[in-house]
Amino acid sequence: MIVVPCPNCGPRNSSDLRNCGEVVERPDPQITTIAEWRSYLYLRKNTADWMRETWYCRNGCRKYFVVERNTVTNEIRESGL
Ligand SMILES: [Zn+2]
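Bear in mind the structure is a predicted one, so any value in this text is a computation, not a measurement.

### Quick notes on the pairing of strand 5 (residues 64-70)
Only one face of strand 5 is covered, namely the one carrying Phe65, Val67 and Arg69; the face carrying Tyr64, Val66, Glu68 and Asn70 has none of its residues buried. Strand direction decides the pairing type here: strand 4 (residues 50-57) and strand 5, joined by 7 bridges, are antiparallel. Within strand 5, the residue paired with Arg52 across the bridge is Glu68. The loop that links strand 4 with its antiparallel partner strand 5 comprises 6 residues; one of these, Arg62, has a positive phi angle of about 60 degrees. Here strand 5 hands over to strand 6 (residues 76-80) after 5 residues, with Asn74 in that stretch at a positive phi of 65 degrees.

So, in structure tokens, the structure goes:
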């Protein structure tokens, strides 16, 4: 269990939140191929290093926010909306 700082509610236990996975930039639908859409929807880097993730504050403000977290040590160095 880790403590994640919600920008609205402050430090929260991870059981109060939902990890929605790494931040992936949505490709332009006008120029994206089917293979690129498939990659956007289903493939993630899942690196063992610093990663930007989207979290959802489900037992607090009910907002999404971005956290930069080390996936090896669970250290968090930044969070924001
Ligand atoms: Zn919150």
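### So, the sheet that holds strand 4
Ordered by their spatial adjacency, 4 strands build an open sheet running 3-4-5-6, and the pairing between neighbours is antiparallel. Either end of the sheet is taken by a strand with one partner, and the two such strands are strand 3 (17-22) and strand 6. Adjacent strand axes in the sheet meet at a mean angle of 30 degrees, parallel and antiparallel pairs treated alike. The pairing of strand 3 with strand 4 spans 4 bridges and is classified as antiparallel. Bridging from a neighbouring strand, Arg18 pairs with Tyr56 of strand 4.

The rules behind these values
- Residues numbered from 1 in each chain as written.
- Predicted model: local features only at pLDDT ≥ 70, side-chain atom pairs only at ≥ 80, totals over all residues.
- Buried ≥ 20, exposed ≤ 12 C-beta atoms within 10 Å, placed from the backbone.
- Helix = DSSP H or I, 4+ residues; strand = E, 2+ residues; numbered from the N terminus.
- Pairing = 2+ DSSP bridges.
- Axes fitted to C-alpha atoms, helices over the stretch in contact; angles between N-to-C directions.

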